[in-house]
Each structure stands twice: as C-alpha cells, then as structure tokens.
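Okay, here's what each chain looks like letter by letter:
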Amino acid sequence: MELRRAALDALQTADCEEKCRHASAIRSEFASYSIADTPLPEPAALPGRPARPRLVPPAEVPRRSPHTAEGRAALIHAVCHIEFNAINLALDAIWRFHGLPIGYYRDWAQVAAEEAAHFSLLRGHLQSLGHDYGDFDAHDGLWEMAEKTRDDPVARMALVPRTLEARGLDATPLIQARLRQVGTPDALTACGLLDIILRDEVGHVAIGNRWYRRLCEREGLEPLAHYKLLARRHRAPRLKPPFNEAARRAAGFTEDELQALHAAP
C-alpha cells in the first residue's frame, strides 16, 4: 500500500464515517505503507464531503445564542464542521506534498486520525441533542486557505496549522466559558469534549510549528519575517486578542512570535 495514495483516497471519500475509518486506518497501519517520492495527479473535485451542510459565505452563517437548545446545537455543529475540515486538511498535507521526511507524513497521519476522533465525538454529542452534522449552514474558510497554499508546503504549515488552527487555541476557552455559564448538562458535556480537543490541538499546532521551522531552515528562510510575507501574500485573517498564550507557548510559539501577534495592526 502507498501512503499518499491512501490519503488521497480518504480525502476523496464523501461519507463522514468512512472518511474517519480511513483516517484512523492510515495512522494505525502507517508502518506498512510505502511512500511515493513523486507528484500524484490531482482529481477534479476535492475534498470529498457530504451534500450537507450547505456552504455559505462566513457572514451568512447565522449566530445563535448558547442559552437556547437550538443555539447550543448550532455551536457544536460549527465546531464539528471545523473538525471535519481538519481531517481533510491533514489528509491533504499528506498526499499533496512529496519528498518530505517520513516524520512529516507520520505526524500528519496522527493529526488526521485525531481529528477524525474529534469529529466523531462532536457528532455523537450533536446527535444526542436531536441533530446531526449537516443540519446547519457552514462556511468553507479552512479549505479555501488549503487551496491558496496548494503549491507551497511552507505556506501550508504557516497558514493552516499555525494560523487558522491556532485560532482554536484562543477561541476554545471562550466557548467553554459561555457553555459553563449556561450550565445545562449538555453544555457541560460539551465543555468536557472541548477539553479533549484543546489538548490534542495544542499538539497539532506544535506539529505545524515544527514543520514550518524545519522547512524554513531547509530553504534558508527566516521564520518570523517569512511568516509576515506569507500572511500578506495569501491574505490570512487578522488574528485578534485575547490570545491563549499558555496554549500557544505549549504549541511551540516563541516569545518573539507572541509579541508580533500583539503588535499586529
């Protein structure tokens, strides 16, 4: 079996449960795969995903209060959608970029499997609330950045794990605070699930930081200066406080990088 082809097959899979099974199998069977060192032809339509949720511009995704049962379900659905996209992003990082060290592929196989576990946890909780993945509108911002960085693994590491996914390190405690304020059993259960996800996401962002720096070193790039260039070039979203500095430090951000976050216009 060839690893990058298996990741591409999983990425093309539209069924949520089947995609999660594929992602888990790639991690558990990693040692049995060969890894092709040449480009693979890209299929016409990526990623594979179910017909729902309906994808709309970010401004058209309705905001709902966590103080209602429907609002809490919508909130969980939004996080569930992020995790589904994160499976696809990890699989894409495996198949798309060739000629990288085996540790790179091992790391992203781990991320894909853990994102699949997160998605399944959240989907199960959503189903306990009488809903399912696809019941609420969502947007496609995460995958749009994957498209922008499709030809550059340095840009992919800079702007997906250590930018977009790192925003989750900042946002998760704020979401948990809102849910704890509600205090219903389902809200507190959701907080517990978010604890698991936040713990793992620190590791995922750390993987992005590690491979961003290693690829910068390989290409003779200064990481902080090159990050600013990439953020401008690809119109990365402006990161706004409050920042979860403890989680960001645990994920490998340097003090200079944290200072640059606060200094950004």
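This section reports on the structure supplied with the text.

1. Quick word on the overall build of the protein chain
Piece 1. The secondary structure content of the protein chain amounts to ten helices and zero strands.
Piece 2. Taken from the N to the C terminus, the helices and strands of the protein chain come in the order α-α-α-α-α-α-α-α-α-α.
Piece 3. Taken over the C-alpha trace, the protein chain has a radius of gyration of 18 Å; the compact-globule value for 265 residues is 18 Å, and the two agree within 12%.
Piece 4. Expressed as a percentage of the 265 residues in the protein chain, the buried residues total 51%.
Piece 5. In the protein chain, 81% of the contacts between residues at least 6 apart in sequence involve partners at least 24 apart.
Piece 6. Element-wise, carbon and sulfur atoms account for 54% of the exposed surface of the protein chain, whose accessible area totals about 12200 Å².
Piece 7. Of the side chains in the protein chain, 34 bear a positive and 36 a negative charge, and the two mean positions are spaced by 4 Å.

2. Quick look at helix α4 (residues 102–128)
Piece 1. Taking 1.5 Å per residue, 27 residues should reach 39 Å; α4 reaches 40 Å between its end C-alpha atoms and fits that length.
Piece 2. Following α4 by one or two positions, Gly130 has its phi on the positive side, about 90°.

3. Things to note about the environment of Leu122
Piece 1. With respect to the helices and strands, the residue Leu122 is situated in helix α4.
Piece 2. Along the chain, Leu122 and Leu215 lie 93 residues apart, while their C-alpha atoms are 33 Å from each other.
Piece 3. Apart from the residues within four sequence positions on either side, Leu122 is in contact with Ile76, Val79, Cys80, Glu83, Leu193 and Ile197.

4. Considerations on the packing of aromatic side chains
Piece 1. Applying the stated criterion across every chain yields a total of five aromatic pairs.
Piece 2. With a centroid separation of 5.5 Å and 55° between ring planes, the pair formed by Phe84 and Phe119 is classed as tilted. Highlighted residues: Phe84 in helix α3 (residues 69–96) and Phe119 in helix α4, separated in sequence by 35 residues. Each member of the pair, Phe84 together with Phe119, is buried.
Piece 3. Their ring planes at 85° and their centres at 5.6 Å tell us that Tyr104 and Trp211 sit as a pair that is edge-to-face.

5. Let's talk about the state of the cysteines
Piece 1. Going through the model one piece at a time under the given rule, you end up with zero disulfides.
Piece 2. Its sulfur unpaired, Cys20 is 6.9 Å from the next cysteine sulfur, which belongs to Cys16.

6. Remarks on the pattern of salt bridges
Piece 1. Taken as a whole and judged by the stated rule, the model has 20 salt bridges.
Piece 2. Note that Asp92 is salt-bridged to Arg96, the shortest N-O span being 2.9 Å. Highlighted residues: Asp92 and Arg96, both in helix α3, separated by four residues, approximately one helical turn. Taken individually, Asp92 and Arg96 each receive the classification buried, so the pair is uniform in this respect.

7. Focus: helix α10 (residues 255–263)
Piece 1. Three or more residues of α10 are buried, namely Glu257, Leu258 and Leu261. Seen end-on, α10 carries its buried residues on one side only, within an arc spanning 100°. Along α10, the residues that are exposed and aim more than 90 degrees away from the buried face are Asp256, Gln259 and Ala263.
Piece 2. Packing partners of the buried residues in α10 comprise α6 (153–182), α7 (185–219), α8 (223–233) and α9 (245–250).

8. A closer look at the nonpolar core
Piece 1. Formed by 84 residues in total, the largest nonpolar core has its most connected members in Ile26, Tyr104 and Trp108.
Piece 2. In terms of residue count, α7 provides more of this core than any other element does, 15 residues in total.
Piece 3. Non-local contacts of Trp108, meaning those with residues more than four positions away in its chain, are made with Ala90, Ala93, Ile94, Met157, Pro161, His204, Ile207, Gly208 and Trp211.

9. What about the packing of α3 against α4?
Piece 1. Running from N to C, α3 and α4 point in directions that differ by 160°, and their axes come no closer than 8 Å. Taken together, the axes of α3 and α4 are roughly antiparallel relative to one another. The two elements α3 and α4 meet at a crossing, and its hand is left-handed.
Piece 2. The residue makeup of the contact of α3 with α4, split by class, is 21 nonpolar, three polar and three charged.

Cut-offs used in this document
Residues numbered from 1 in each chain as written. Predicted model: local features only at pLDDT ≥ 70, side-chain atom pairs only at ≥ 80, totals over all residues. Heavy atoms only, no water. Helix = DSSP H or I, 4+ residues; strand = E, 2+ residues; numbered from the N terminus. Rg over C-alpha atoms; globule rule 2.2 N^0.38 Å. Buried < 20%, exposed > 50% of the residue type's maximum accessible area, 1.4 Å probe, protein only. Contact = heavy atoms within 4.5 Å. Areas by Shrake-Rupley, 256 points an atom, 1.4 Å probe, with all protein chains shown as cover. Lys, Arg positive; Asp, Glu negative; His and termini not counted. Charge placed at Lys NZ, Arg CZ, Asp CG, Glu CD. Expected span 1.5 Å × (residues − 1). Phe/Tyr/Trp six-rings, centres within 6.5 Å; stacked < 30°, edge-to-face > 60°. Disulfide = S-S within 2.5 Å. Salt bridge = Lys/Arg side-chain N within 4 Å of Asp/Glu carboxyl O. Arc of directions from axis to C-beta. Core = buried A, V, L, I, M, F, W, Y, C linked by side-chain atoms within 4.5 Å. Axes fitted to C-alpha atoms, helices over the stretch in contact; angles between N-to-C directions. Parallel < 35°, antiparallel > 145°, perpendicular 65-115°, else oblique. Left-handed = near helix turned anticlockwise from the far one by under 90°. Nonpolar A, V, L, I, M, F, W, Y, C, P; charged D, E, K, R; others polar.

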